[in-house]
6 protein chains.
Amino acid sequence: MHRVTVKRKEHFNAAHRLYNPSWSDEKNEQIFGKCNNPNWHGHNYEVIVSLTGEVDEQTGYVYDMKKLSDLIKDEVLNRFDHRNLNLDVEEFKNIIPTAENIVKVIYDLLRVKIEEQYEVKITLYETERNFVEYPA
Amino acid sequence: MHRVTVKRKEHFNAAHRLYNPSWSDEKNEQIFGKCNNPNWHGHNYEVIVSLTGEVDEQTGYVYDMKKLSDLIKDEVLNRFDHRNLNLDVEEFKNIIPTAENIVKVIYDLLRVKIEEQYEVKITLYETERNFVEYPA
Amino acid sequence: MHRVTVKRKEHFNAAHRLYNPSWSDEKNEQIFGKCNNPNWHGHNYEVIVSLTGEVDEQTGYVYDMKKLSDLIKDEVLNRFDHRNLNLDVEEFKNIIPTAENIVKVIYDLLRVKIEEQYEVKITLYETERNFVEYPA
Amino acid sequence: MHRVTVKRKEHFNAAHRLYNPSWSDEKNEQIFGKCNNPNWHGHNYEVIVSLTGEVDEQTGYVYDMKKLSDLIKDEVLNRFDHRNLNLDVEEFKNIIPTAENIVKVIYDLLRVKIEEQYEVKITLYETERNFVEYPA
Amino acid sequence: MHRVTVKRKEHFNAAHRLYNPSWSDEKNEQIFGKCNNPNWHGHNYEVIVSLTGEVDEQTGYVYDMKKLSDLIKDEVLNRFDHRNLNLDVEEFKNIIPTAENIVKVIYDLLRVKIEEQYEVKITLYETERNFVEYPA
Amino acid sequence: MHRVTVKRKEHFNAAHRLYNPSWSDEKNEQIFGKCNNPNWHGHNYEVIVSLTGEVDEQTGYVYDMKKLSDLIKDEVLNRFDHRNLNLDVEEFKNIIPTAENIVKVIYDLLRVKIEEQYEVKITLYETERNFVEYPA
């Protein structure tokens, strides 16, 4: 048997704002700059989900990519796409929706839905020039 | 002399919502679907500005691309980047910020700043799969 | 009113073979080279559909992009995706599925489904380096 | 001395079909869906070959990229490009040409041609949204 | 018969410098800024050649893309690739190698090699964000 | 706390030549081929800087991406952009500017400016098809 990493890319569009409610407006402005705009801004996020596991001899698959795509749609896109991450998404009620926090929320949502024998890793592009990976 | 089209690409990130205030909420929902989310969503917009004109024999330039880049930053990015198009941008106070309307607003902002001998055309990507051009 | 071109990109994967049944095998090999392989080869095709028309003042739309995407899926992807263009697609029974012919077939399929006031143009990528447009 | 990973990207176009001959047609259809089309479909595959090794002080190279490109052409593209993976490629006579299996076949073909001191890794894009890596 | 535009993309890497010998060093510096570096800088240029013509009924081709690719290699890449445009390329002995001038030189080199019934157009990317087209 | 890798992409354009002064011209030509052109050639380099560290609970950041972007501009782009790597850049006075050596120079320049608790990794694209990573 051989172990392969399979990767599926999906995308969603969302609004967000970087803001720490325990800080003054001045400190929020100083730390987050234009990302702190109280009227929000937004991004086209690209998310890549990587699963590592053994190739099944009968199917030649590590994981059915149609099933993986559907899982990302059910767990991630249905929650995040065309939403305001701060206002509409339960998971960010007490967490600032930075790319670093979004990528961990996506991982946590998917990890519990994927069998334990698979390693899971998430890459999230906030823009073409800024992107993050978790676990590191 | 020869005429060449020169093109410069820039990008900005913004939140928006598609909503027609003269309609009921039901009709807005029916026409605009998830783009009508009252809490906004957002995009990484890519804008390409095309200028057509004669090549200057002394410089070999149609237009100084550094000057064009600065002009786009001054007139477009400073107004739109990390903003809510509906709430923060004067030009969309009475216009729905669809891609079709944004591209015309960008054209109108730049056209008056560029000498008349140049033809101007704008391409705007809202996502990798949805984009618009003006004038048609 | 202002006229804008709106563009929607979709993709499909298909097998094909370039072969002219009125020629000898030698001439087919000489003209089409490796694209003539009797066992087929294939591509990830990207198709961009452009519609030019007036922006509706009520919606800010030239054309509802969700409706355009659905139309491309119904008329093009349902016929071509994961198919053998030569064997499975009625439209290529008597036409060699070169990019030049595929792009015209796509145009003809869509043109009759789109109201006459819109201009329609199709771009088809066979590979990242080979692509075609119709009408020219 | 320092160790660097060098990467070379090449591409090929091929037809294939996912089909397990030990299953009924119904089970093949159920598991592989439209990828099971008996008339084939195809892809533009992109392959990235990564070699990790020490930088030679005289050349500043880990590996001559021209030589690596030629090796990929000789061993991979000559076998796979403009071919039907199931019918034309010896290595898939008894293996289903899923991305997971193709990436391992490519690795095995190249590993024996590259000196042992180099680590080798292969990334294979079947589409822009589906891709695999081996070894994991 | 139907007319189609076919496009082929190729690339080359070259060094250049923007410098007008009839100006003082100060004026060159003022107009061309860092592009005037006497020690040169360089780019990965991408060139797209578009031919518009009628589709041949026998071949389904406007123009054989292999032949077009070879022509671009013979006439453009062999002259420009891994060269210093100012020092190594006859065509720029008396012309500043701006993108606007390079694109016209490429057009002139190819136009005479392509039969008159085809319309020819060239797009040249100097960077992902700066590109030009000729004829306009 | 959770560890995340954050990545920032920047670009620069430069000229270079591959040449080992301890070798004869013949041997330089034989080993480096067209990359040995004495009149230089050049590239649009893309550099991705990856930092791995713990997410700060107050900011939701591993590292301020604006600060990272500024650091890359100060240490890398200011030295390399629109320069001749062999002639203008102190760091390559005695090192051949291959991608393998450039990526290590970039790492060394940035590593000393970034706090020790972060892991640092650099990816450098010389072309779309040739790229390197350090540390391996």
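Here the structure is shown first, and the text comes after it.
Residues numbered from 1 in each chain as written. Chains lettered and ligands numbered in written order. Predicted model: local features only at pLDDT ≥ 70, side-chain atom pairs only at ≥ 80, totals over all residues. Heavy atoms only, no water.

Thoughts on the arrangement of the chains
Next, step 1: At the level of C-alpha atoms, the two units chain A and chain C stay apart, their nearest approach being 14 Å.
Next, step 2: Spatially, chain B is disjoint from chain F: no contact exists, and the shortest C-alpha separation is 14 Å. (Contact = heavy atoms within 4.5 Å.)

Details of the interface of chain E and chain F
Next, step 1: Counting residues at the interface gives 22 residues for chain E, matched by 22 residues for chain F.
Next, step 2: Interface area for chain E against chain F, summed over the two sides, is near 1700 Å², with a carbon-plus-sulfur share of 46%.
Next, step 3: Looking only at chain E, the three residues that lose the most surface to chain F are Asn39(E), Asn44(E) and His82(E), adding up to 33% of its buried area.
Next, step 4: Where chain E meets chain F, there are two salt bridges.
Next, step 5: At the junction of chain E with chain F, the criterion picks out 17 residue pairs in polar contact (both at pLDDT 80 or more).
Next, step 6: Secondary-structure elements contributing two or more residues to the side of chain E that touches chain F are β1 (3–16), β2 (41–54), β3 (83–84) and α3 (85–88) of chain E.
Next, step 7: At five residues, β2(E) tops the list of elements feeding residues into the side of chain E that touches chain F.
Next, step 8: Within the side of chain E that touches chain F, the residues separate by chemical class into five nonpolar, 10 polar and seven charged. (Buried area = accessible area lost by both parts, 1.4 Å probe. Salt bridge = Lys/Arg side-chain N within 4 Å of Asp/Glu carboxyl O. Polar contact = N/O pair within 3.5 Å; in protein donor to acceptor, adjacent residues only side chain to side chain. Helix = DSSP H or I, 4+ residues; strand = E, 2+ residues; numbered from the N terminus. Nonpolar A, V, L, I, M, F, W, Y, C, P; charged D, E, K, R; others polar.)

Here we look at the side chain of Asn101(F)
Next, step 1: Among the structural elements, Asn101(F) can be located in helix α4 (residues 99–111).
Next, step 2: Within the structure, Asn101(F) has its side chain in polar contact with the backbone oxygen of Ile96(F) (distance 2.8 Å).
Next, step 3: Apart from residues lying up to four places away in sequence, Asn101(F) is in contact with His2(D), Val55(D), Gly60(D), Phe92(F), Ile95(F) and Ile96(F).

A look at the side chain of Thr98(D)
Next, step 1: Assignment of secondary structure puts Thr98(D) in the loop between α3 (85–88) and α4 (99–111).
Next, step 2: Setting aside chain neighbours within four positions, we find Thr98(D) in contact with Thr59(A), Gly60(A), Tyr61(A) and Leu18(D).

Description of the packing of aromatic side chains
Next, step 1: The final tally for this structure, using the stated rule, is 48 aromatic pairs over all chains.
Next, step 2: Aromatic pair Tyr125(B) and Phe131(B): ring centres 4.3 Å apart, planes at 10°, arrangement stacked.
Next, step 3: Both rings, one in Phe12(D) and one in Phe80(D), keep their centres 5.4 Å apart while their planes meet at 65°; by these two values the pair is edge-to-face. Here Phe80(D) lies in helix α2 (residues 65–80) and Phe12(D) lies in strand β1 (residues 3–16), a separation of 68 residues in the sequence. (Phe/Tyr/Trp six-rings, centres within 6.5 Å; stacked < 30°, edge-to-face > 60°.)

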